[in-house]
Amino acid sequence: MKILVLPGDGIGPEITAATLAVLDRASAKFKLGLEWDTREIGFGALKKHGSTFPLEIQEAARQAPGIILGPVSHLDYPAKEQGGINPSGWLRVQLDLFANIRPAKSRMGVGLTGKPIDLVIFRECTEGFYGDRNMFMGRGEFMPTEDVAIAIRKVTAKQSRRISEVAFEWARKRRKKVTAVHKANVLHMSDGLFLREVRAVAKKYPDVELDEKIVDAMAALLVRNPTQFDCIVTGNMFGDILSDEASEISGGLGIAGSTMAGDDACCAQAQHGSAPDIAGQDKANPVSLMLSATMLLEWLATKHQRPEFDAAAKAIEAAIDAALQSPESRTVDLGGKLGTKAFTAKLLAAI
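Counting of residues starts from 1 at the beginning of each chain's written sequence and follows it residue by residue. Two thresholds apply to this predicted model, a pLDDT of at least 70 for residue-level local features and 80 or more for giving and counting side-chain atom pairs, whereas whole-chain, interface and lining totals are computed over all residues. Excluded from the side-chain calculations are hydrogens and water; all other atoms, namely the structure's heavy atoms, are used.

S.K.: Now, about the overall build of the protein: what can you tell me, with residues and values included?
M.R.: Secondary structure follows DSSP: runs of H or I at least 4 residues long count as helices, runs of E at least 2 residues long count as strands, and numbering of each begins at the N terminus. Looking only at helices and strands, the protein has 11 helices and 12 strands in total. The quantity called the radius of gyration is restricted to C-alpha atoms. Its globule counterpart is 2.2 Å times the number of residues to the power 0.38. Taken against the 2.2 N^0.38 rule, which gives 20 Å for 351 residues, the C-alpha radius of gyration of the protein at 20 Å falls within 12% of a compact globule. Based on the C-alpha atoms only, the size of the protein along its principal axes is roughly 55 × 50 × 40 Å. A simple rule labels every residue: compare its accessible area, found with a 1.4 Å probe on the protein chains alone, to the largest value its type can have, and call it buried under 20%, exposed over 50%, or partly exposed in between. Across the 351 residues of the protein, 54% fall into the buried class. By definition, residues are in contact when any of their heavy atoms lie within 4.5 Å. If you take every contact in the protein between residues at least 6 apart in sequence, the share linking residues at least 24 apart comes to 73%. Carbon and sulfur atoms make up 56% of the accessible area of the protein, which totals about 15,300 Å². Note on areas: Shrake-Rupley with a 1.4 Å probe; residue coverage comes only from the protein chains shown.

Following this line, the structure appears as structure tokens:
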């Protein structure tokens, strides 16, 4: 099975190399037969080919059984007309990767709140307020005058229903609780439609409890008592913000995995940015992308009925959790002394 690998910008190539080393070890041990199709994207591709996400790579993405995407500096890319394409946004829309799944787990003991955290946020990531992906043609924001900017929020019954189904399926295998986060007290129509679909899906899962929270209250409750939450389902912008909050209070974005998944494709993507200020210095923490890769393995295990992929994912996650228990075996950003390569070597020995 050949996975498309897109290292990205900044620290992307370093943490991607570390992730592939761990996956190679797991592939050999569990006989996964993994191979890599590595392509350059981002500023390197822009310089060579005039696009941050060239057409041949777009076609490779459409054909790949799975994708590993390193962090990209898309905020610094030129306009689309000058070749600046956000690979993450393109993949979500073009491959219908509607479900951004972001676990938050306190892997180094209790989280920043002093309480253990183990929850998963399910973010619909193809619509909402995000103007680069919520329209068939053009952008979902515009300026009728130089002093007025207008953004359009798109919410559909179909995508609300699909992300709800994913959340309820996960909840059924976890602690059987889904919390729907919304702002229906203000956004009557759009979040009213979202809640209508969540409630309809909930009726098909009588064994799973449905809870509903307004987004501003939810932001406070995550800090006050995160232990009450299991699976959280919400729209694009709310999910983007809350997942960063949840990951940070559980220990940091550097130890939080993430996938963008659809019915037919899945992409592993680190939760954090490209951190160009530490690129090439052996300081990058590769855990987020590694954990994202384990989630990709789990998706492939289910999609292709390959239980050995699931076993490999569990082995990698166990090695990471063991390493994070002691400051001596953590990377510098987590209070340890290890660089990217030394940390990776420790995981390779454990696997």
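Anyway, onward from the coordinates.
S.K.: Describe the pattern of salt bridges, naming the residues involved and giving the relevant values.
M.R.: Basic side-chain nitrogens of Lys or Arg form a salt bridge, by our definition, when they fall within 4 Å of a carboxyl oxygen of Asp or Glu. All chains considered together, the criterion is met by 25 salt bridges. Here Asp230 makes a salt bridge to Arg175, at a shortest N to O gap of 3.9 Å. Here the residue Asp230 occupies a position in the loop between α7 (215–224) and β10 (231–234), and Arg175 occupies one in the loop between α5 (157–173) and β8 (177–182), the gap between them amounting to 55 residues. Looking at Arg175, the relative accessible area reads 42%, which means it is partly exposed.

S.K.: Lay out the sheet that holds strand β12 (residues 266–269) in plain terms, naming residues and giving numbers.
M.R.: Two strands pair if DSSP finds at least two bridges between them. Read across the sheet, 10 strands follow the order β2-β1-β3-β12-β11-β4-β5-β10-β8-β9 without closing on themselves; strand pairing throughout is mixed. Strands at the two margins of the open sheet, each flanked by one partner only, are β2 (35–38) and β9 (209–214). Each neighbouring strand pair of the sheet contributes to a mean axis angle of 25°, computed without reference to strand direction. Of the strand pairs in this sheet, strand β4 (residues 99–105) and strand β5 (residues 118–124) are connected by 7 bridges, and their pairing is antiparallel. Each axis is a line fitted through C-alpha atoms, taken for helices only over the stretch in contact, and angles between the N-to-C directions span 0 to 180 degrees.

S.K.: Just give me the short version of the packing of aromatic side chains, but keep the residues and values in it.
M.R.: Only the six-membered ring of Trp is used, alongside the rings of Phe and Tyr, when aromatic pairs are assigned; centres must lie within 6.5 Å, and planes under 30 degrees apart are stacked while those over 60 apart are edge-to-face, with the rest tilted. In the structure shown here, the tally under the stated rule is 4 aromatic pairs. Both rings, one in Phe43 and one in Tyr77, keep their centres 5.1 Å apart while their planes meet at 90°; by these two values the pair is edge-to-face. One end of the pair, Phe43, is in helix α2 (residues 43–49); the other, Tyr77, is in the loop between β3 (67–69) and α4 (87–94), and 34 residues separate them in sequence. By relative accessible area, which is 35% here, Phe43 ends up partly exposed.

S.K.: Which residues make up unusual backbone geometry, and what are the values?
M.R.: The residue Asp96 is not glycine, and still its phi comes out positive at about 55°. For Asp96, the position within the fold is in the loop between α4 and β4. The exposure class assigned to Asp96 is partly exposed, which follows from its relative accessible area of 28%. Even without being glycine, Lys176 reaches a positive phi, approximately 60°. Looking at the secondary structure, you find Lys176 in the loop between α5 and β8.

S.K.: Provide a residue-level description of a nonpolar patch on the surface, including the pertinent values.
M.R.: A surface patch of nonpolar side chains, amounting to about 360 Å² of accessible area, comprises Met135, Phe142, Val148, Ile150 and Ile152. Within the secondary structure, Ile152 is located in the loop between β7 (148–151) and α5. Among the residues examined, Ile152 registers a relative accessible area of 33% and is labelled partly exposed. Each patch groups residues whose relative accessible area exceeds 30% and which form no salt bridge, using 9 Å between like charges and 5 Å between nonpolar side chains of Val, Leu, Ile, Met, Phe, Trp and Tyr.

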